[in-house]
Amino acid sequence: MKKQWSFVGAFILLFIGAVLSVLNVDPVLVNFYFATYEWPLIIVILGSILLGALIASLLSTMKIYQETKMRKDAEKTASTADEKGNERVKELENRYETQIDQLKEELRQKNTKIQELNNSNNNTINSVQE
């Protein structure tokens with residue numbers, strides 16, 4: 001259905017172009033800075049339309065290129081930030097793991113001292129009882 005409407009639209013535009021061509025065959029003077037030419041009005045109109053379409057296409061292409069470049073730069077910046085964030089997380093994890101290991105070692109040493117004190121107290125109590 002969409003193709004049918006496109007065909008109908010193209011046919012209507014072609015018909016309008018044909019009518020304009022027939023109605024606008026009068027010669028007009030086209031003055032460039034260095035020369036003057038006499039062309040049919042329809043050629044001037046079509047040339048102006050084509051030139052406008054070309055300029056609009058170039059401008060939109062430039063805008064799309066700039067937006068694509070900005071998007072890529074933003075993705076690159078986000079990727080770099082993610083990498084730095086991941087590195088920071090790993091650094092903190094390593095530091096906390098080291099601290100946890102140190103605290104575990106201190107706890108083992110203190111538990112050993114407590115056991116030694118308990119053993120020495122038990123030995124003292126046993127010797128007193130005998």
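Everything numeric here is computed off the predicted structure, so don't read it as measured data.

Draft legend 1. Main features of the pairing of strand E1 (residues 27-31). Here E1 runs beside strand E2 (residues 36-40); their pairing, made up of 5 bridges, is antiparallel. The residue bridging valine 30 from the neighbouring strand is tyrosine 37, located in E2. A loop of 4 residues connects E1 with E2, the two strands running antiparallel in sequence.

Draft legend 2. Seen up close, the UniProt feature "transmembrane region" (unreviewed entry) in the protein. In this structure's numbering, the residues bearing the UniProt feature "transmembrane region" (unreviewed entry) are residues 37-62. The straight-line gap between the two end C-alpha atoms of residues 37-62 is 33 Å; of that span, 85% is helix and 15% is strand.

Draft legend 3. Structural context of the pattern of salt bridges. Counting across every chain of the model gives 4 salt bridges. The residue glutamate 67 makes a salt bridge to lysine 63 at a minimum N-O spacing of 3.8 Å. Here glutamate 67 pairs with lysine 63, and both are found in helix H2 (residues 41-129), just 4 residues apart, close to one helical turn. Look at glutamate 67 and you get partly exposed, because its relative accessible area is 45%. Between arginine 71 and glutamate 75 there is a salt bridge, with its nearest N and O atoms 3.1 Å apart.

Draft legend 4. Structural view of the packing of aromatic side chains. All chains considered together, the criterion is met by 4 aromatic pairs. Here the aromatic rings of phenylalanine 32 and phenylalanine 34 are separated by 6.3 Å at their centres, their planes lie at 15°, and the arrangement is stacked. Residue classification places phenylalanine 32 among the partly exposed residues on the basis of a relative accessible area of 35%. On the numbers, 5.8 Å between centres and 15° between planes, the contact of tyrosine 37 with tryptophan 39 is stacked. Tyrosine 37 sits in the partly exposed class, given a relative accessible area of 38%. Here the aromatic residues Phe32, Phe34, Tyr37 and Trp39 are joined through ring pairs into a cluster of three or more.

Parameters and conventions
- Residues numbered from 1 in each chain as written.
- Predicted model: local features only at pLDDT ≥ 70, side-chain atom pairs only at ≥ 80, totals over all residues.
- Heavy atoms only, no water.
- Pairing = 2+ DSSP bridges.
- Helix = DSSP H or I, 4+ residues; strand = E, 2+ residues; numbered from the N terminus.
- UniProt positions renumbered as here; feature names shortened; annotations may be inferred.
- Salt bridge = Lys/Arg side-chain N within 4 Å of Asp/Glu carboxyl O.
- Buried < 20%, exposed > 50% of the residue type's maximum accessible area, 1.4 Å probe, protein only.
- Phe/Tyr/Trp six-rings, centres within 6.5 Å; stacked < 30°, edge-to-face > 60°.

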